[in-house]
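# Fold and contact review
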Amino acid sequence: MKFSPKHKRVVEEHLSSGKHTVILDGTKWETHIAAQMMGIVAPKKSKKDKYRNKHADLEQTLDTGHIEDGGDGISEE
Amino acid sequence: MAYIPVNSTAEFVRLEINADGVDYSGNVAAAFDGAGSGNVLVVPALQDVTVNATPGTFRWKQLDSLSEKVVTIPSTNSVSVTMVLDDTAFFTGAGNTSGIFSITNNKTETYFRLYWQGNTSGDKYIEGNGYLEALAPTVNPDAPVWTSPLTIAVTGDYTEGTV
């Protein structure tokens, strides 16, 4: 779907007023999904992404040799 | 004050009709948003649209007055458009709604909804029911695409609504 400035304005209004759904050219959207597609708000990270990011942090930590307490039990000593 | 421009994406005039044979007179909106939504035909390629909402008047003169007196009588309402004929809209239709030619030919009661400036949240529309009339498709060598006027003779009142 091609979004116009009018669509963007309507979605922004719906976001600010807390309305969960918005109709754009006859199609009902969840407001936050439409806002993400228009770039008004950043896309929510999925659980998969969150896991990957966490894992990436861990790898980086191992590379630097610094492990914080409360991690996964791996220790340098 | 705000104008109602219709010259850009998401602001186009849109005319929907539903002639699926169901009686929606108690709730015209159901013909478009509810049970009848699968039988809605969008009239495509509009070239002009005129909404007529004319209260009738009865006028008389009296010997004791310098000016006419007026009372209203029931309104005459209609929606007139000119359209470029589209094969699907004209002959096939949508769902249980026949094509515009069949609806006119069979004098099927037709529910309509006219969006003034697109159908996005907050946009205004009017709706009602009536009968299609004044179909007069024409074509000629200098304008070799079929076009036709179409009028919806509205029975009863218009209803105003917001998307």
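Scoring rules and cut-offs
- Residues numbered from 1 in each chain as written.
- Chains lettered and ligands numbered in written order.
- Predicted model: local features only at pLDDT ≥ 70, side-chain atom pairs only at ≥ 80, totals over all residues.
- Helix = DSSP H or I, 4+ residues; strand = E, 2+ residues; numbered from the N terminus.
- Buried ≥ 20, exposed ≤ 12 C-beta atoms within 10 Å, placed from the backbone.
- Contact = placed C-beta atoms within 7 Å.
- Pairing = 2+ DSSP bridges.
- Nonpolar A, V, L, I, M, F, W, Y, C, P; charged D, E, K, R; others polar.
- Axes fitted to C-alpha atoms, helices over the stretch in contact; angles between N-to-C directions.
- Parallel < 35°, antiparallel > 145°, perpendicular 65-115°, else oblique.
- Left-handed = near helix turned anticlockwise from the far one by under 90°.
- pLDDT = per-residue confidence, 0-100.
- Core = buried A, V, L, I, M, F, W, Y, C linked by C-beta atoms within 7 Å.

Now for the overall build of chain A. Across its full length, chain A holds 3 helices and 2 strands. Scanning chain A from its N terminus toward the C terminus, one meets helices and strands in the order α-β-β-α-α. Counting all 77 residues of chain A, 14% fall into the buried class. For chain A, contacts bridging at least 24 residues in sequence account for 22% of all contacts bridging at least 6.

As a further point, take the overall build of chain B. Helix and strand content of chain B: 2 helices and 8 strands. Reading the secondary structure of chain B in the N-to-C direction produces β-β-β-β-α-α-β-β-β-β. In terms of its C-alpha atoms, chain B occupies a principal-axis envelope of roughly 60 × 45 × 40 Å. When each of the 163 residues of chain B is scored for burial, the buried share is 30%. For chain B, long-range pairs separated by at least 24 residues make up 62% of all intrachain contacts whose partners lie at least 6 apart in sequence.

On to the pairing of strand 4 (residues 69-84) of chain B. Residue and element names in this part refer to chain B. As judged from the 13 bridges shared by strand 3 (residues 46-60) and strand 4, these two strands associate in the antiparallel manner. Paired with Asn52 across the strands is Ser78, a residue of strand 4. When strand 4 meets strand 8 (residues 143-162), the two strands line up antiparallel, connected through 8 bridges. Across the sheet, Asn77 pairs through a bridge with Val154, a residue of strand 8.

It is worth spelling out unusual backbone geometry at this point. All names here are of chain B. A positive phi is found at Ala10, a non-glycine position, where the angle reads about 75 degrees. Structurally, Ala10 can be placed in the segment before strand 1 (14-18). In this structure, Ala134 takes a positive phi of about 65 degrees despite not being glycine. Mapped onto the elements, Ala134 comes out in the loop between strand 6 (124-133) and strand 7 (138-140).

Our next topic: the interface of chain B and chain A. Every contact between the two is made by 10 residues of chain B and, on the other side, 11 residues of chain A. A per-class count over the side of chain B that touches chain A returns 2 nonpolar, 7 polar and 1 charged.

Another aspect to go through is the packing of helix 1 (residues 5-17) of chain A against helix 2 (residues 31-38) of chain A. Residues and elements named next belong to chain A. For the pair helix 1 and helix 2, interaxial distance at closest approach is 10 Å and the crossing angle is 135 degrees. In terms of orientation, helix 1 lies oblique with respect to helix 2. Along this stretch, helix 1 crosses helix 2, giving a crossing that reads as left-handed. On the side of helix 1, the interface is formed by Lys8, Val11, His14 and Leu15, while helix 2 contributes Thr31, Ala34, Ala35 and Met38. In the contact of helix 1 with helix 2, the residues fall into 5 nonpolar, 2 polar and 1 charged.

With that out of the way, let us pick up the environment of Tyr125(B). Residue and element names in this part refer to chain B. Along the chain, the position of Tyr125 falls in strand 6. Along the primary structure Tyr125 and Thr162 are separated by 37 residues, whereas in three dimensions their C-alpha atoms are 6.0 Å apart. Contacts of Tyr125, omitting those with residues within four sequence positions, involve Arg113, Leu114, Tyr115, Trp116, Gly161 and Val163.

The next subject is the confidence of the model for chain B. Atom-level detail of predicted coordinates should not be read off regions where pLDDT is low. Model confidence for chain B is summarised by a mean pLDDT of 94, while 100% of its residues fall at 70 or above. The ipTM assigned to the predicted complex is 0.74, against a pTM of 0.79.

Okay, the nonpolar core next. Core analysis: the biggest nonpolar cluster contains 26 residues, and Ile17(B), Val43(B) and Phe112(B) have the highest contact counts within it. Breaking this core down by element, the ones donating at least two residues are strand 1, strand 2 (41-43), strand 4, helix 1 (87-92), helix 2 (100-106), strand 5 (110-115), strand 6 and strand 8 of chain B. Broken down by element, this core gets its largest block of residues, 4 residues, from strand 5 of chain B. For Val43(B), the contacting residues outside a window of four places in its chain are Leu15(B), Ile17(B), Val81(B), Met83(B) and Ala89(B). Listed in part, the 7 residues of the second largest apolar core include Val10(A), Val11(A), Trp29(A) and Ala35(A).

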